[in-house]
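Chains, contacts and geometry: an overview
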Amino acid sequence: MTEKSSGQTETPSIETVLTHAGRNPDKQFGFINTPVYRGSTVLFKTLADLEAQSQAYLYGRAGNPTTESVERVVTELEGAYRTKLVPSGLAAITIALMACLKSGDDVLITDSAYEPGRKFADGFLEHMGVSVRFYDPRIGAGLSTLLLPNTRAVLAESPGSLTFEIQDIPALAAAAHAGGARLIVDNSWASPLYHRPLSLGADIVVHAATKMFVGHSDAFAGTISTTEEAWEDVERIRTLLGYFTSGDEAFQVARGLRTLAIRMKEHQERALAMATWLETRDEVEKVLHPALPSHPDHALWKRDFTGSGSLFGFVLKPAPKAAVAAFVDQMQVFSMGFSWGGYESLCLPVRITKARTVVPWSEEGNLFRAHIGLEGIEDLKADLSAALERYARAR
Ligand SMILES: *Cc1c(COP(=O)(O)O)cnc(C)c1O
């Protein structure tokens, strides 16, 4: 992006990419941000133009300057060949899978995968003649023993967004490639600031842009970033299926991305502080946060990540449902709800049993998932302290 005096190209820092990439003020009358483009029809001036199809935009469904402003940023962040913005994180997962699979193929999915993605595989891919199998998220190089001659895709999520196992991406990539399969990684937790799966051998990286990229719980989007080899398949399938993301949603993502670096830093610090503090509390049996030395995959996290996300889990000592209700029903600062990645802290009880088929969830205690937002840390601690006291009384 910038030239050193020696003439060597210097790679800009990730903060500079986030603030500068994907903007083109010269084309927007000097206005700094790419505005919201709304539109289906794109006009051609002459028959020659219509036939040449060489204009930057031909029809709105393929994208517009607002969607591209997001795609450029994510491409640079992930070190990808290209990126496509799609309507949701789930759409990113489903398009990526369909881009790699056809009838008669086999897919391996981590047992820790985001549940709606799992349901898509069971409820849709199976019906389309794809065999769907799940693997232990900690299998690493052992994946090669599961690959069949027709396995064409492996879907990883690191860490799992409910159970927080870290996956050995280089080992999974090597095993997948040796068997002729592509590796898709859901990188929503760490964001490309702290983890870059393509540089570790993955072929496709997906994000729930709804979460950290948007950052304010007010828009839906997903991104798919790929190597050059995988790009055509992804873009073909997206085009065939007719997925399009509106300029309005794209603008929300672009806006969120500009502050991603400082938000991630704050979320990281606070989440780690809360996780460390929770580890010392009586009612807490276990904290599931990969950046804690107590986490079983801490060494792997240290090797492959440069930071950690806002989201972690914790297991409280076994107690009846009434204690879980006592914990969450009167929270004052935390709220209860799905999704995560916004400025506001969330805490949710999680039931794993049905979502697992390979590695049964063996914790006896009650599992919770917390997203640490941007409130005062002492307020967050006070809220959880009170919740833990209510839990203990109801136990
Ligand atoms: C939320 C989430 C998704 C899906 O994103 P949506 O935009 O809600 O469809 C995918 N993966 C992970 C890890 C998520 O947390």
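Residues numbered from 1 in each chain as written. Predicted model: local features only at pLDDT ≥ 70, side-chain atom pairs only at ≥ 80, totals over all residues. Heavy atoms only, no water.

**Brief notes about the domain arrangement of the protein**
Here the domain parsing of the protein yields domain 1 (14-258) and domain 2 (260-394). Centre-to-centre, using C-alpha coordinates, domain 1 lies 27 Å away from domain 2. At the boundary of domain 1 with domain 2, total buried surface from both sides reaches about 3500 Å², with 62% on carbon and sulfur atoms. It is W189, Y194 and M212 in domain 1 that bury the most area against domain 2; as a group they hold 25% of the surface buried on that side. (Domains from an automatic or database assignment. Buried area = accessible area lost by both parts, 1.4 Å probe.)

**Brief notes about the site of the ligand**
Close to the ligand lie 14 residues; G89, D186, T210, K211 and W340 are nearest. One nitrogen or oxygen atom from the side chain of D186 is found 2.6 Å from a nitrogen atom belonging to the ligand. When the ligand sits alone it has 380 Å² of accessible area, and the protein chains cover 93% of it. Examining the composition of the shell around the ligand, we find that three residues originate from one element, helix α4 (residues 89-100), more than from any other. (Near = heavy atom within 4 Å. Polar contact = N/O pair within 3.5 Å; in protein donor to acceptor, adjacent residues only side chain to side chain. Areas by Shrake-Rupley, 256 points an atom, 1.4 Å probe, with all protein chains shown as cover. Helix = DSSP H or I, 4+ residues; strand = E, 2+ residues; numbered from the N terminus.)

**A closer look at the nonpolar core**
Grouped together as the largest cluster of nonpolar side chains are 38 residues, with contacts concentrated most on L18, V70, V253, L257 and L260. Secondary structure elements with two or more residues in this core: α1 (14-20), α3 (65-78), α7 (191-194), α9 (247-258), α10 (260-279), α11 (298-304) and β11 (311-316). Mapped onto the domain boundaries, this core takes at least three residues apiece from domain 1 (14-258) and domain 2 (260-394). Listed in part, the 29 residues of the second largest apolar core include M98, V107, I109 and V206. (Core = buried A, V, L, I, M, F, W, Y, C linked by side-chain atoms within 4.5 Å. Buried < 20%, exposed > 50% of the residue type's maximum accessible area, 1.4 Å probe, protein only.)

**Focus on the sheet that holds strand β8 (residues 204-208)**
Spatial strand order, β3-β9-β8-β7-β6-β4-β5: seven strands in an open sheet with mixed pairing. Every interior strand has two partners, whereas the edge strands, β3 (82-86) and β5 (131-135), have only one. With direction set aside, neighbouring strand axes in the sheet form an average angle of 20°. Of the strand pairs in this sheet, strand β7 (residues 182-186) and β8 are connected by three bridges, and their pairing is parallel. Looking at the pairing, D186 lines up with V206 of β8. Each of β3, β8 and β9 (222-226) is contacted by α3, which is oriented at about 135° to β3, the strand it contacts most. Against the sheet, α4 contacts β3, β4 (106-110), β6 (151-157), β7, β8 and β9, and its axis sits at roughly 160° relative to β8. (Pairing = 2+ DSSP bridges. Axes fitted to C-alpha atoms, helices over the stretch in contact; angles between N-to-C directions. Contact = heavy atoms within 4.5 Å.)

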